[in-house]
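Report on the structure
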Amino acid sequence: MAHEHKLEIFRGRWKFKSNTQKIWGVLAFLTFVTVIEVVLGIYKPEILMNTWISPLEGGFFATIGNIILSPFVYMKPLNLIFILLTIVKAYYITWDFMHMRDEVKALRRMVVWTGVFLICYLIFILLQEGGYVFEVYNADDALITRDF
Amino acid sequence: MDSTVSSTGTEGKIWGGGNKPLKASYGKMMMWFFIVSDALTFSGFLAAYGFSRFKFIKEWPIADEVFTHVPFLHGQELPMIYVAFMTFILIMSSVTMVLAVDAGHHMNKAKVTLYMFLTIIGGLIFVGSQAWEWATFIQGDYGAVQTKGGNILQFGEYVTVDGAEKFKRVSIDDFAVSIPDVREEHERKNGLWFREEASLPPYTVNEIFQGLEANPNILVRTQLINEEGQKTVLSREESLKQIKENGSLVVKGANLRVNEYGTSLFADFFFFITGFHGFHVFSGVVLNIIIFFNVVLGTYERRGSYEMVEKVGLYWHFVDLVWVFVFTFFYLV
């Protein structure tokens, strides 16, 4: 059981001869991703600093659209790239370093889906609430001032 | 006829028992369960950080201006470099860990020993780096004045670098005038013997104000982030007015009560989340050391399986995984 490893990553596009080689290959990939993050973080390209779509306006469907498209409407593209790259790194750490790739489907789903579902829910709730509290503090008719 | 049923007639069928549907050993599965629950704990912390950040989205400190130091390179502003190094160290120690697990599958004791040792060294370097990062953060850089409303006012001046005008921070030590202290620090020996107070700030607000008045080039910067994504710099009159009217406390460095870099929640979350992660790394190192000695003593050789290395490896990779997220949300985003 323990000796069987799946030796390909990127859906079979990159195959390795041994498990050790795969480990070094994954390290190279993770380092590459981290270097991209650091370079983007230091230089902050101007084009990625402003959102590409401004919030939709007018009625119920616009609001729904804003919620669905919120990563593009409210988030700087740079931050979106950072978060996506982080998830990519997390995937390869879990799949290749923690050997999730070699576990059965049921164990994989048990761990990943539980976590992903609960974490997405938690993030949605807390960020929504944080945005609301921001409105309470900063609306034109806010009852609370903090500018002193 | 038997009076009790000794056989259910399901032997060999899927519900007959004895199956291992997940094809993982008990220990490994329990480690996965622990990892899932610990992941939820960490995401709870990070989501709470997100909540506070969204609440103060217009005035949250800019990470690149807070974490600019690299050991041995004094006075240079190098954001990201040191944390990138720390991230690399942790990923590297993850690699040596997975190599140890792989060597364990081949029952190669010498290699497992070597890789476990390297993993421990990587973990120690990481914890040490984090301690240094904390010390730098606590000690502070430029100092600031906290207002009555709890906002932070920082100081700086416009300088021309390569033809472009740039706002450069100025340390309070460089311009504050020293007025002989009117307020003496309360110690056990000069006041009530059963009470003491925390040491007084390095300067009083009045000393800062006098210094600001004497240096016409110095301006005040508020926490508010403007359209260009930078902190707002006040005009000269407004600077003097803010310090005089609202200044209440001189702050140097950061702790759980005050934070010279911006809202104090930023420091609270920094200490709490990186501290909790550092505690995980530390306990991971302790576990690794225990396993290392077991490997050296040949415990797993005799047991015929190095699965213990694999289990502790899962934990170690998880710590690395968490750091990837902490890195993103504290230093990048």
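Residues numbered from 1 in each chain as written. Chains lettered and ligands numbered in written order. Predicted model: local features only at pLDDT ≥ 70, side-chain atom pairs only at ≥ 80, totals over all residues. Heavy atoms only, no water.

1. A closer look at the side chain of E37 of chain A
Within the secondary structure, E37 of chain A sits in helix α1 (residues 19-43). Note on E37 of chain A: relative accessible area 0%, which makes it buried. With near-sequence residues (within four places) excluded, E37 of chain A lies in contact with F82, L85, T86 and K89 of chain A together with F327, T328 and L332 of chain B. (Helix = DSSP H or I, 4+ residues; strand = E, 2+ residues; numbered from the N terminus. Buried < 20%, exposed > 50% of the residue type's maximum accessible area, 1.4 Å probe, protein only. Contact = heavy atoms within 4.5 Å.)

2. Observations regarding the domain arrangement of chain B
Residue and element names in this part refer to chain B. Annotation of chain B at the domain level lists domain 1 (26-141 + 265-332) and domain 2 (144-252). Relative placement of domain 1 and domain 2: their C-alpha centres are 36 Å apart. Listed as interface residues are 11 residues of domain 1 and, on the opposing side, 9 residues of domain 2. The largest contributions to the domain 1 side of the interface with domain 2 come from K58, E59 and E65, which together make up 53% of the buried area. For the interface between domain 1 and domain 2, the tally reads 1 salt bridge. Note that R221 and E65 form a salt bridge whose closest N and O atoms lie 3.1 Å from each other. There are 5 residue pairs in polar contact (both at pLDDT 80 or more) connecting domain 1 and domain 2. Taken together, the residues of the side of domain 1 that touches domain 2 break down into 5 nonpolar, 2 polar and 4 charged. (Domains from an automatic or database assignment. Buried area = accessible area lost by both parts, 1.4 Å probe. Salt bridge = Lys/Arg side-chain N within 4 Å of Asp/Glu carboxyl O. Polar contact = N/O pair within 3.5 Å; in protein donor to acceptor, adjacent residues only side chain to side chain. Nonpolar A, V, L, I, M, F, W, Y, C, P; charged D, E, K, R; others polar.)

3. Topic: helix α10 (residues 307-332) of chain B
Under the 1.5 Å per step criterion, the end-to-end length of α10 of chain B is 36 Å for 26 residues, consistent within 8% with the ideal 38 Å. α10 of chain B sits mainly inside the fold: 23 of its 26 residues count as buried. (Expected span 1.5 Å × (residues − 1).)

4. Regarding a nonpolar patch on the surface
All names here are of chain A. Taken together, the side chains of I47, W52, I53, L56, F60, F61, I64, I68, L69 and F72 present a nonpolar region at the surface, about 1100 Å² in accessible area. At 4 residues, the largest contribution of residues to the nonpolar patch is made by helix α2 (residues 59-68). Relative to the helices and strands, I68 resides in helix α2. (Patch = residues over 30% accessible without salt bridge, like charges linked within 9 Å, V, L, I, M, F, W, Y side chains within 5 Å. Areas by Shrake-Rupley, 256 points an atom, 1.4 Å probe, with all protein chains shown as cover.)

5. Observations concerning the confidence of the model for chain A
Taken over all residues, the pLDDT of chain A has a mean of 89, while the share at 70 or more is 98%. For chain A, per-element mean pLDDT is lowest for strand β1 (residues 8-9) of chain A, which scores 83, and highest for helix α4 (residues 77-97) of chain A, which scores 94. (pLDDT = per-residue confidence, 0-100.)

6. Remarks on helix α4 (residues 109-139) of chain B
Here α4 of chain B is 31 residues long and its end C-alpha atoms lie 45 Å apart, about the 45 Å a rise of 1.5 Å per residue gives. At the exit of α4 of chain B stands G140 of chain B, carrying a positive phi of roughly 85°.

7. Considering the packing of aromatic side chains
All names here are of chain B. Within this structure, the stated rule accounts for 42 aromatic pairs over all chains. Here F67 and F137 contribute two aromatic rings whose centre-to-centre distance is 5.7 Å and whose plane-to-plane angle is 20°, an arrangement assigned as stacked. Remark: F137 occurs in helix α4 and F67 occurs in the loop between α2 (63-66) and α3 (81-105); sequence separation between them is 70 residues. In this structure F137 comes out as buried when scored by relative accessible area, which is 2%. Ring geometry for Y82 against F85: centres 5.8 Å apart, planes inclined by 20°, an arrangement best described as stacked. Here Y82 and its partner F85 are both found in helix α3, 3 residues apart, which amounts to about one turn of the helix. Relative accessible area serves as the criterion here: at 11%, Y82 is assigned to the buried category. (Phe/Tyr/Trp six-rings, centres within 6.5 Å; stacked < 30°, edge-to-face > 60°.)

8. Observations concerning the environment of W323 of chain B
All names here are of chain B. By secondary structure assignment, the location of W323 is in helix α10. Each C-alpha atom, one on W323 and one on H277, is 7.3 Å from the other, the two residues being 46 residues apart in sequence. Among residues more than four places away in sequence, those in contact with W323 are V83, M86, T87, L90, F126, Q130, H277 and Y331.

9. With respect to empty space enclosed by the protein
All names here are of chain B. One pass over the structure, following the stated rule, counts 3 cavities of 30 Å³ or more. Roughly 70 Å³ of internal volume is contained in the largest cavity. Lining of the largest cavity is provided by V66, F67, T68, H69, W132, E133, T136, F137 and Y261. When its residues are assigned to classes, the lining of the largest cavity shows 5 nonpolar, 3 polar and 1 charged. Put simply, the second largest cavity is a space of about 50 Å³. A breakdown of the residues in the lining of the second largest cavity according to their chemical character gives 4 nonpolar, 1 polar and 4 charged. Lining the lining of the second largest cavity are residues from two domains, each supplying at least three of them: domain 1 (26-141 + 265-332) and domain 2 (144-252). (1 Å grid on protein atoms, 1.4 Å probe; cavity = no way out; pocket = protein on both sides within 12 Å on 5 of 7 lines; lining within 4 Å. Points joined across faces, edges and corners; volume = space filled by probe spheres on them.)

10. Considerations on the interface of chain B and chain A
Listed by partner, the interface residues are 57 residues for chain B and 53 residues for chain A. In total, about 4800 Å² of surface goes out of reach between chain B and chain A, with carbon and sulfur atoms giving 76% of it. When the area that chain B buries against chain A is broken down by residue, the three leading residues are L22, W32 and H105 of chain B, summing to 13%. Seen at the junction of chain B and chain A, the total is 3 salt bridges.

11. Notes on the domain arrangement of chain A
All names here are of chain A. Each assigned domain of chain A is listed with its residue range as follows: domain 1 (1-102) and domain 2 (104-148). Using C-alpha coordinates to define each centre, domain 1 is positioned 21 Å away from domain 2. In total, about 390 Å² of surface goes out of reach between domain 1 and domain 2, with carbon and sulfur atoms giving 70% of it. At the junction of domain 1 with domain 2, the criterion picks out 0 salt bridges. The interface formed by domain 1 and domain 2 contains 1 residue pair in polar contact (both at pLDDT 80 or more). Class assignment of the residues belonging to the side of domain 1 that touches domain 2 gives a composition of 2 nonpolar, no polar and 3 charged.

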